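# A structural walkthrough
One-letter residues, chain by chain:
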Amino acid sequence: MLSLLAAALLTIPDAAGDTRGDGSYTLPTRPPLSASALDLRELKVESEGGKLRLTVGLGAIQNPWNAPLGYSAGVLDIFVKSRLGGASVLPGLGFVTPAQQGWQYHIRVTGFGSSLEFVPDGQTGAQPRPVQLNVRLSGSAVVFDTPIPAGQYSYWVTSSVYSPFTPDGYLRPGSGGGSASLISPRNNGPVPVDVISGGDQGQAYAQGVLQPVGRTRDRRALLLLGLAAAGLLLGIVASVRVWRKTRV
């Protein structure tokens, strides 16, 4: 049972019916997949015991591969920006982040398990963290508690088609194949069929750059800029005072 004491931090809605990537993707028909089961509808962020609880709302829940979680239509990836720096590539997905918008945490959830990786300070490469995430279903949403300290962060959220026949579980789009394929007019396009985008979804697929949602400006960067400006101003004032004394 979900705690009634969880403090809401952020809710980000997403448009319904846009599970076609840039608009040209065709979902596989074997096994028959419901587009709603891959359709991101909402990201809700809460603080539970000082840690992040993330809830990804979907259009529906479907379990074509009989996963223990009760959901196996897709792969959910959430990237969290908690500070300056970080990694700029969303690994395996065909997207990068905008300049100076790197992520520090990557949570990946399938019906068969979950993982968390972290980018340490001053690095751009992620390291796995051996933690067990509490993942569960609540209606048509996937809920998971994380060890990430609660805060005002930025997020990248994607939904991809799950496949048990690929090494990493992602069914990648391509221009050929049969009823079990994810069809796209171009090869090597982004893997997700839906994203929660801070801009135009079609443009994100065309450019391969996914905008974050949530707190898109890092206030610490603005604070550092303000401190630098204040220091420069104090330096100018001090220099003027010294110049005036030497003129007397």
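The following paragraphs examine the structure supplied in this document. From a predicted model like this one, the values you see are computed outputs, not experimental measurements.

### Points about the overall build of the protein chain
- Of the regular secondary structure elements, the protein chain holds two helices and 16 strands.
- Summarising the internal contacts of the protein chain: among those between residues at least 6 apart in sequence, 65% fall at separations of at least 24.

### Looking at unusual backbone geometry
- Residue Pro31 is reached from Arg30 by a cis peptide bond, and omega for that bond is -5°.
- Even without being glycine, Asn66 reaches a positive phi, approximately 55°.
- Relative to the helices and strands, Asn66 is located in the loop between strand 3 (51-58) and strand 4 (74-81).
- With phi around 60°, Gln100 is a residue other than glycine that occupies positive phi space.
- Residue position: Gln100 is located in the loop between strand 6 (95-96) and strand 7 (105-110).
- With relative accessibility at 78%, the residue Gln100 sits in the exposed group.

### With respect to the side chain of Asp145
- Inspection of the secondary structure assignment puts Asp145 in strand 11 (residues 141-149).
- In this structure Asp145 comes out as buried when scored by relative accessible area, which is 18%.
- There is a polar contact of 2.7 Å between the side chain of Asp145 and the side chain of Arg53.
- Among residues more than four places away in sequence, those in contact with Asp145 are Glu48, Leu52, Arg53, Leu133, Asn134 and Arg136.

### Notes on the environment of Arg41
- If you trace the backbone, Arg41 turns up in strand 2 (residues 40-48).
- Here Arg41 falls in the partly exposed class, since its relative accessible area comes to 30%.
- A sequence separation of 18 residues divides Arg41 from Gly59, and the C-alpha atoms of the two residues are 6.3 Å apart.
- Residues within four places of Arg41 in sequence aside, it is in contact with Ile12, Pro13, Asp14, Ala16, Ser36, Gly57, Leu58 and Gly59.
- There is a polar contact of 3.0 Å between the side chain of Arg41 and the side chain of Asp39.

Thresholds applied
- Residues numbered from 1 in each chain as written.
- Predicted model: local features only at pLDDT ≥ 70, side-chain atom pairs only at ≥ 80, totals over all residues.
- Heavy atoms only, no water.
- Helix = DSSP H or I, 4+ residues; strand = E, 2+ residues; numbered from the N terminus.
- Contact = heavy atoms within 4.5 Å.
- Buried < 20%, exposed > 50% of the residue type's maximum accessible area, 1.4 Å probe, protein only.
- Polar contact = N/O pair within 3.5 Å; in protein donor to acceptor, adjacent residues only side chain to side chain.

Everything listed here is a matter of coordinates, which is why it stays silent on function.
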